[in-house]
Amino acid sequence: LEDEELARQLVELGYRGSGEVLKREEFEARKQLAEASRLSKRSQKKTLASAGKELAGYPFLQALAQREEANKTGKMTSIIFIRDKNIKGQEISGYIDFAHRLKTEDFEPYFTGKKRLLPKLSD
């Protein structure tokens, strides 16, 4: 159809498809709501887990802190290889996708020293 207004009226009357049909005003209202939601998410500044932590004497944690923001925003990806020993003396090793782990887990305990960063089965 060449006449946009006629095409819009046909769709509003339900002559097309099984999808949800919106009036022009409803569409504009939803569009403004979605745009406002998108802007508010962008303006929220996410705090870094390493912010304000004393990391002197912990070079590994300092390196993670330097990369934290870039990995959270997607500007950088970091793969960490860790090799450690468990209580039984068995070697545990694996690769960790730092950016993915930042999204799925709170890193506050790692930066405060309450938890050790070890590979998981999901890594």
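One can find the structure itself at the top, above this paragraph.
Draft legend 1. Representation of the pairing of strand 2 (residues 91-97). The pairing of strand 1 (residues 79-85) with strand 2 spans 7 bridges and is classified as antiparallel. Its bridge partner being in strand 2, K85 is matched across the sheet by E91. Count of turn residues in the strand 1/strand 2 antiparallel hairpin: 5 residues, of which G89 carries a positive phi of about 85°.

Draft legend 2. Structural detail: helix 3 (residues 59-73). With 15 residues, helix 3 ought to run about 21 Å at 1.5 Å a step, and its terminal C-alpha atoms sit 23 Å apart, in line with that. Within the sequence span of helix 3, burial applies to L61, L64, E68 and N71. Downstream of helix 3 by a residue or two, G74 has a phi angle that is positive, lying close to 90°.

Draft legend 3. Broad picture of a nonpolar patch on the surface. A cluster of nonpolar side chains, contributed by I79, F81 and Y95, occupies part of the molecular surface with about 360 Å² of accessible area. Relative to the assigned elements, F81 resides in strand 1. The class of F81 is partly exposed, set by a relative accessible area of 44%.

Draft legend 4. Summary view of the side chain of R101. Tracing the chain through its elements places R101 in helix 4 (residues 98-104). Residues within four places of R101 in sequence aside, it is in contact with I96, F107, Y110, L117, L118, P119, K120 and D123.

Draft legend 5. Quick look at the environment of I79. With respect to the element layout, I79 can be found in strand 1. Residues I79 and F98 lie 19 residues apart in sequence; the distance between their C-alpha atoms is 5.9 Å. Beyond its immediate stretch of four places on either side in the chain, I79 contacts Y95, I96 and D97.

Draft legend 6. Representation of the nonpolar core in the model. Counting 13 residues, the largest nonpolar core has L64, I80, F98, F107, F111 and L117 as the members making the most contacts within it. Counting residues per element, the ones that place at least two in this core are helix 3, strand 1, helix 4 and helix 5 (108-112). Setting aside residues no more than four positions away along its own chain, I80 makes contact with F60, L64, G94, Y95, I96, F98 and L117.

Here is what the cut-offs are and how they apply
Residues numbered from 1 in each chain as written. Predicted model: local features only at pLDDT ≥ 70, side-chain atom pairs only at ≥ 80, totals over all residues. Heavy atoms only, no water. Pairing = 2+ DSSP bridges. Helix = DSSP H or I, 4+ residues; strand = E, 2+ residues; numbered from the N terminus. Expected span 1.5 Å × (residues − 1). Buried < 20%, exposed > 50% of the residue type's maximum accessible area, 1.4 Å probe, protein only. Patch = residues over 30% accessible without salt bridge, like charges linked within 9 Å, V, L, I, M, F, W, Y side chains within 5 Å. Areas by Shrake-Rupley, 256 points an atom, 1.4 Å probe, with all protein chains shown as cover. Salt bridge = Lys/Arg side-chain N within 4 Å of Asp/Glu carboxyl O. Contact = heavy atoms within 4.5 Å. Core = buried A, V, L, I, M, F, W, Y, C linked by side-chain atoms within 4.5 Å.

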